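# Tertiary structure, described
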Amino acid sequence: MAITQTQTVFTYLERVVIVVLAVVAFLLGMMGYDSYYALQHTATTISDLAYLSLNLFFMQFFAKDTLPLSLDIARWLAPATLSYTLIKTLMSLMQNHIQRFRLRYLSGHAVVLGLNNRSMNIALSFKQHGFKTVVIDDDEYNKYWGELKKHKINMMIENPADTGILSATNISKASYLFACTPLDTVNLNIIYDVFRLKQTASDGPTLHSVCQIDNRTLLHALNNRPLFATNHNTLTTRTINYNFVSARWLLNEFGPHKVVNNIAQLKAFSIVILSDNIFTAELILRLAEIGIYGFSDKIRIVLVGGKASHICADLQTHYPAIKELITLEAVVLTRYDDKHFQMQLNDIAPNLIYICAAETGDKLLALQSVCDQLFEAQIVVCETDNQRSFEWLQGEFAKQDNVHFADVNSAICHYDDVFENRLDRIAIVIHNNYVAQQLTKGETTAQNSSLVSWDELPEVLKEANRNQADHAAIKCHFLTGNTFPTVAEVRTALTSETKAILAKMEHQRWVAEKKLAGWQYTSGNKDPVKRRSPSLINWEELSNEEQQKDIDTLDLLPALVELINSSRNLSQ
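These figures come from a predicted structure and were not determined experimentally.

On to a nonpolar patch on the surface, then. Judged by side-chain polarity, Tyr12, Val16, Val20 and Val24 come together as a nonpolar surface patch covering roughly 380 Å² of accessible area. Here Val24 lies in helix H1 (residues 12-39). The class of Val24 is partly exposed, set by a relative accessible area of 36%.

As structure tokens, then:
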């Protein structure tokens, strides 16, 4: 989406014109008075002329009789310039007061705190769903104001963390709140302030709030806190990490099983990622977590970029188990168009390349260098910010069959994704099926705390269901060789032999998930507090009973395929 420039009290052109006209009027006034008093044979100083010229702006005119042309122009131009400036400023101030008055009486509306590319798309999505929307940001020169103004969305150039501003938007009567300032601490403070305001409010609808948190460690800690772990009478709260959501969406839509042909027949697989973005770490983690594609060897991932070594070292420090799950390598390069880069690419000969560089110029250089190589690899170009240049790049390489373009930001920054769990539909089906099975076996919520609705489920268990859901598409592709198989194709391919293979893949995925979360093997009983489990062993070492649990989960696969296909049809 093209972004228009900031719309404040005065546009940049207006400011330039006003300054130029004011200077011209002032100089014409000095020149005119100088000529006038020369004709009157009256001596004047530069200070006198400057004083007299300044008074023209306030309609203080001290000359009579015939006037020089320059003075005649100045006596009209000066007050006209000042009047325009004052009138427009007063109108802007009145408009702000009128807007604040109107906002106090909003109800069932949406409030977006912090303005960036993602939150702008969220605000536009709210508008499309019929919600009156208010966007608050303290940057007067934010480049996204113009786009919001074009769509007639309410805007406030104020501090989003100011409790008074929250009250001014009638937050107690709002239905949705999205806190997405650049700082995690500010977003947290906003949610806590809103929580206190909702506690003191006597009425109003339930406020559904989402708090953007970029720090993954902080995110996991918050998901265990009462404010975020449970829903309250008048407030629901949840967190979102856009880097994780972006990585999840990217692998669901452009993962190896979606873009590489005959992947099930490959014994080894290598991926090159060209990026220095913070998003890169999440993409690598996600590949380690659900990248179980049936290869006999571990996936080889080579990160190329100026900060590649730092990113890889940081991942291995915080997630020691990642070494067991993937082969991770770093290549430090600052340019993607030199011979050294091309030689290394040829040596690696990757099956898949993700180009996630932030700058369009770097994307173009990397894409051209990769396309010039002798080996045939599938290429996925990811965009998270600059939509205009991304569309241009997409047009330039439209004829390259092996180049795919993933518009990550546009795909995940919608009301349905953030507030309606669109990405979690399949995970919800898996959870509901599990609850139904366990209740049928006679279990109760007292015995099993996870037998609750999706909204009440702890975030760590939601994440487990998401992983299982996302891996369902990988299993289906491995089973049928099709990216979007039909239910009939899956049912036909599900034999006792293929079930055993897929069950082993599911166990490997589960082990990867647990190990990345810090779980370790124990010969004793399972201990969720200490993160110990006797099942963190190879598939062949599991008891028949434990293996059967994984095999039984595959009976749900046809139903999941039906849901995946219906969701895909809805998105189209």
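Picking up after the structure, the text goes on.
Time to look at the packing of helix H21 (residues 459-480) against helix H23 (residues 496-516). Following both chains from N to C, one finds H21 and H23 inclined at 145°, their axes separated by 11 Å at the closest point. In the crossing of H21 with H23, the sense of the turn from one axis to the other is right-handed. Mapping the contact onto sequence places Ala464, Asn467, Gln468, His471, Ile474, Lys475, Phe478 and Leu479 in H21 and Thr498, Ile501, Leu502, Met505, Glu506, Arg509 and Glu513 in H23. Split by residue class, the contact of H21 with H23 holds 7 nonpolar, 4 polar and 4 charged.

A few words now on the pattern of salt bridges. Scanning all chains against the criterion turns up 21 salt bridges. For Glu147, the salt bridge identified is with Lys150, shortest N-O distance 3.4 Å. In this pair, Glu147 and Lys150 are both assigned in helix H5 (residues 145-150), 3 residues apart and thus about one turn of the helix distant.

Side chains three or four residues apart in an α-helix point the same way, a direct result of the helix having 3.6 residues per turn. Helix length check: helix H4 (residues 117-128) (12 residues) gives 17 Å between terminal C-alpha atoms against 16 Å at 1.5 Å per residue, within 8%. H4 sits mainly inside the fold: 10 of its 12 residues count as buried. What H4 keeps buried is the set Asn117, Arg118, Ser119, Met120, Asn121, Ile122, Ala123, Leu124, Ser125 and Phe126. Where H4 begins, the capping side chain belongs to Asn116, and its oxygen is found 3.0 Å from the backbone nitrogen of Arg118. Once H4 ends, the next one or two residues include Gly130, with phi positive near 90°.

Summed over the entire model, instances satisfying the criterion amount to 16 aromatic pairs. Ring centres of Tyr33 and Tyr37 lie 6.1 Å apart, and the angle between their planes is 20°; on these two criteria the pair is classed as stacked. Placement of both Tyr33 and Tyr37 in helix H1 is noted, with a separation of 4 residues, approximately one turn of the helix. Judged by relative accessible area, Tyr37 falls into the buried class, the value being 15%.

Turning next to the packing of helix H10 (residues 242-254) against helix H12 (residues 278-290). The interhelical angle for the contact between H10 and H12, taken along N-to-C directions, is 50°, at an axis separation of 8 Å. Taken together, H10 and H12 sit at an angle that is classed as oblique. As for the relative orientation of H10 and H12, their crossing is right-handed in sense. The residues of H12 that touch H10, namely those facing Asn243, Phe244, Ser246, Ala247, Arg248, Leu250 and Leu251, are Ile278, Phe279, Glu282, Leu283, Arg286 and Leu287. In terms of residue class, the contact of H10 with H12 is built from 8 nonpolar, 2 polar and 3 charged.

Further remarks concern the sheet that holds strand E2 (residues 133-137). The strand order across the open sheet built from 6 strands is E3-E2-E1-E4-E5-E6, with neighbouring strands paired in parallel fashion. Each edge of the sheet is formed by a strand with only one pairing partner; in this case those strands are strand E3 (154-157) and strand E6 (235-240). Here the strands of the sheet are splayed against their neighbours by 15° on average, with no regard to which way each runs.

Formed by 97 residues in total, the largest nonpolar core has its most connected members in Phe178, Leu250, Leu283 and Tyr354. Top contributing element to this core by residue count: H10, with 8 residues. Excluding anything up to four places from it in sequence, Leu283 contacts Ala247, Leu250, Leu251, Ile273, Tyr354 and Cys356. Formed by 26 residues, the second largest nonpolar core is a distinct cluster that contains Ile165, Leu177, Leu188 and Leu207.

Let's shift gears to H23. In a regular helix each residue adds 1.5 Å, so 21 residues correspond to 30 Å; H23 covers 30 Å between its end C-alpha atoms and thus fits that length. When H23 is considered as a whole, its buried residues turn out to be Lys499, Leu502, Ala503, Met505, Glu506, His507, Arg509, Val511, Ala512, Glu513, Lys514 and Leu516. In the stretch just after H23, Gly518 is the one whose phi turns positive, near 95°.

Let us now look at the sheet that holds strand E8 (residues 299-305). The 6 strands lie next to each other as E9-E8-E7-E10-E11-E12, forming an open sheet whose pairing is parallel. The open sheet has two edge strands with one neighbour each: strand E9 (326-332) and strand E12 (403-407). Averaged over neighbouring strand pairs, the angle between their axes works out to 20° when direction is ignored. Looking at chain direction, strand E7 (residues 270-274) and strand E10 (residues 352-355) are connected through 4 bridges and run parallel. Within E10, the position partnered with Ile273 by the bridge is Tyr354. Contacting E7, E8, E9 and E10, H12 runs over the sheet at an angle of about 165° to E7. Strand contacts of helix H13 (residues 308-318): E8 and E9, with the helix running at about 150° to E9, the strand carrying the most contacts.

Cut-off values and rules
Residues numbered from 1 in each chain as written. Predicted model: local features only at pLDDT ≥ 70, side-chain atom pairs only at ≥ 80, totals over all residues. Heavy atoms only, no water. Patch = residues over 30% accessible without salt bridge, like charges linked within 9 Å, V, L, I, M, F, W, Y side chains within 5 Å. Areas by Shrake-Rupley, 256 points an atom, 1.4 Å probe, with all protein chains shown as cover. Salt bridge = Lys/Arg side-chain N within 4 Å of Asp/Glu carboxyl O. Helix = DSSP H or I, 4+ residues; strand = E, 2+ residues; numbered from the N terminus. Buried < 20%, exposed > 50% of the residue type's maximum accessible area, 1.4 Å probe, protein only. Axes fitted to C-alpha atoms, helices over the stretch in contact; angles between N-to-C directions. Left-handed = near helix turned anticlockwise from the far one by under 90°. Contact = heavy atoms within 4.5 Å. Nonpolar A, V, L, I, M, F, W, Y, C, P; charged D, E, K, R; others polar. Expected span 1.5 Å × (residues − 1). Polar contact = N/O pair within 3.5 Å; in protein donor to acceptor, adjacent residues only side chain to side chain. Phe/Tyr/Trp six-rings, centres within 6.5 Å; stacked < 30°, edge-to-face > 60°. Parallel < 35°, antiparallel > 145°, perpendicular 65-115°, else oblique. Pairing = 2+ DSSP bridges. Core = buried A, V, L, I, M, F, W, Y, C linked by side-chain atoms within 4.5 Å.

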